[in-house]
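Commentary on secondary and tertiary structure
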Amino acid sequence: MSMMNLSLALLALLITPGPSNALLALAGAQTGLRDGLRLIFVVTLCYLAVVAPLALYGAQLLHGLPVLRPIVTGLAALWVARLALRLWSLPAAGTRATASVGPRQIAVTTLLNPKALIFGLVLIPATPKVWAALALFALLVPLASLIWLALGAGLLSRAGPWLNRGAAVWLALLSLGLAAKALAG
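Described in the following lines is the structure provided in the data block. Keep in mind that this is a model prediction, so the values were computed, not measured. (Residues numbered from 1 in each chain as written. Predicted model: local features only at pLDDT ≥ 70, side-chain atom pairs only at ≥ 80, totals over all residues. Heavy atoms only, no water.)

**Re the overall build of the chain**
Operational definition: Labels follow the DSSP assignment, with helices taken as runs of H or I lasting at least four residues and strands as runs of E lasting at least two, numbered in each case from the N terminus. Each residue's exposure class comes from its accessible area (1.4 Å probe, protein chains only) as a fraction of the maximum for that residue type: buried when under 20%, exposed when over 50%, partly exposed otherwise. Contact between two residues is taken to exist if any of their heavy atoms lie within 4.5 Å; hydrogens are not considered. To be clear on the numbers: accessible area is Shrake-Rupley with a 1.4 Å probe, and residue cover counts the displayed protein chains and nothing else.
A tally of helices and strands in the chain yields eight helices and zero strands. Moving toward the C terminus, one meets the helices and strands of the chain in the order α-α-α-α-α-α-α-α. For the chain, the residues scored as buried account for 45% of the 185 residues in total. Nonlocal contacts in the chain, meaning residues at least 24 apart in sequence, comprise 90% of its contacts between residues at least 6 apart. Summed over all atoms, the accessible surface of the chain reaches about 9300 Å², with 73% contributed by carbon and sulfur.

**Digging into empty space enclosed by the protein**
Worth spelling out the cut-off: Points on a 1 Å grid, built from protein atoms alone, make a cavity when a 1.4 Å probe fits but cannot get out and make a pocket when they are open with protein on both sides within 12 Å along at least 5 of 7 lines; residues with an atom within 4 Å of a point are the lining residues. Grid points are joined across faces, edges and corners, and a volume is the space filled by probe spheres set on the points. Just so you know the grouping, Ala, Val, Leu, Ile, Met, Phe, Trp, Tyr, Cys and Pro go in nonpolar, Asp, Glu, Lys and Arg go in charged, and all remaining residues, Gly too, go in polar.
Enumeration over the complete set of coordinates arrives at one cavity of 30 Å³ or more. Leu-14, Asn-21, Leu-24, Val-43, Tyr-47, Lys-115, Val-141, Ala-144 and Ser-145 together form the lining of the largest cavity. Those elements that place two or more of their residues in the lining of the largest cavity are helix H2 (19-36), helix H3 (38-64) and helix H7 (130-154). By residue number, the principal contributor to the lining of the largest cavity is H7, which donates three residues. Per-class residue counts for the lining of the largest cavity are six nonpolar, two polar and one charged.

**A closer look at a nonpolar patch on the surface**
Selection criterion: Patches draw on residues past 30% relative accessible area with no salt bridge. Two like charges within 9 Å are joined, as are two nonpolar side chains (Val, Leu, Ile, Met, Phe, Trp, Tyr) within 5 Å. Each salt bridge in this description consists of a side-chain nitrogen of Lys or Arg and a carboxyl oxygen of Asp or Glu lying within 4 Å of one another.
The grouping of Leu-61, Leu-65, Val-67, Ile-71, Leu-75 and Leu-78 at the surface amounts to a nonpolar patch, some 550 Å² of accessible area in total. The element that contributes the greatest number of residues to the nonpolar patch is helix H4 (residues 68-89), accounting for three residues. Tracing the sequence through the fold places Leu-78 in helix H4.

**Here's the deal with the environment of Ala-12**
Within the fold, Ala-12 resides in helix H1 (residues 3-15). The exposure class of Ala-12 is partly exposed, given its relative accessible area of 47%. In the structure, Ala-12 is positioned 132 residues away from Ala-144 in sequence and 9.1 Å away in space, judged by C-alpha atoms.

**Topic: the nonpolar core**
Using the following cut-off: By nonpolar core is meant a set of buried Ala, Val, Leu, Ile, Met, Phe, Trp, Tyr and Cys residues that side-chain atoms within 4.5 Å join together.
One finds Leu-10, Tyr-47, Phe-119, Ile-124 and Phe-137 to be the most contacted residues of the largest nonpolar core, which totals 52 residues. Examining the composition of this core, we find that twelve residues originate from one element, H3, more than from any other. Beyond its immediate stretch of four places on either side in the chain, Tyr-47 contacts Leu-14, Thr-110, Asn-113, Lys-115, Ala-116, Phe-119, Phe-137 and Val-141.

**Quick look at the packing of H3 against helix H5 (residues 103-111)**
Selection rule: Fitted lines through C-alpha atoms serve as axes, helices being fitted only where they are in contact, and the angles separating the N-to-C directions of these axes extend from 0 to 180 degrees. For classification, angles of less than 35 degrees are called roughly parallel, those exceeding 145 degrees roughly antiparallel, those between 65 and 115 degrees roughly perpendicular, and all remaining angles oblique. If you view the pair so one helix is near and one far, a crossing is left-handed when the near helix is turned anticlockwise from the far one by less than a right angle, and right-handed when it is turned clockwise.
It is the contact of H3 with H5, at a shortest axis distance of 8 Å, that shows an interaxial angle of 30 degrees. In this view, H3 runs roughly parallel relative to H5, as classed from their interaxial angle. Remark: the crossing between H3 and H5 carries right-handed chirality. Side by side, H3 and H5 meet where Arg-38, Leu-39, Val-42, Val-43, Cys-46, Tyr-47, Ala-49 and Val-50 of the first sit next to Pro-103, Ile-106, Ala-107, Thr-110 and Leu-111 of the second. Looking at side-chain class alone, the contact of H3 with H5 contains eleven nonpolar, one polar and one charged residues.

**A closer look at the packing of aromatic side chains**
Here is the rule we go by: Working definition: a ring pair exists when centres of Phe, Tyr or Trp rings (six-membered ring for Trp) sit within 6.5 Å. Plane angles under 30 degrees give stacked, over 60 give edge-to-face, the rest tilted.
This structure, assessed with the given rule, holds three aromatic pairs. With centroids separated by 5.6 Å and ring planes inclined at 85 degrees, the aromatic side chains of Tyr-47 and Phe-119 adopt a geometry described as edge-to-face. Linking Tyr-47 in helix H3 with Phe-119 in helix H6 (residues 115-123), this pair joins segments that are 72 residues apart in sequence. Each of the two residues, Tyr-47 as well as Phe-119, counts as buried. Seen from their ring centres, Tyr-47 and Phe-137 are 5.7 Å apart, and the 75 degrees between their planes marks the pair as edge-to-face.

This is the structure in structure tokens:
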């Protein structure tokens, strides 16, 4: 895979709605773009903490321990379900009682994000220059994260009480999909 094709594939998957992106958008709506910028660093570090080892050693590890894939997917499903339940019960974004999305939630969600498996086991190893692909990934994660924060700070901040409920429903659907994959795998 060429670096241009890899760039497009990485960016397309990074921008696709998922658990980390839903939380980034919610954080942008709750705290605004400026206060949410610190979360971009968290997302980038956490993605790299999972993707780099997978890209470098993942194929050998999964070949030797194939049971790991459904276990990690199941853990991700449980975490995303927990986030969905928590978001459903929160007051509307923009109210004083709303607890903002913080680095801990973003970190755990990103560490368990199933997209990391695709990045680390499929896309990045598909190029002969794995280290260059990892550097490209490290540059694209902040860009995609900024897009989701800005989306939350702009459009979604006006969504009122529907923002938390909509994000909760989306995360619940993602959780169900992940649980199905874990049970099938």
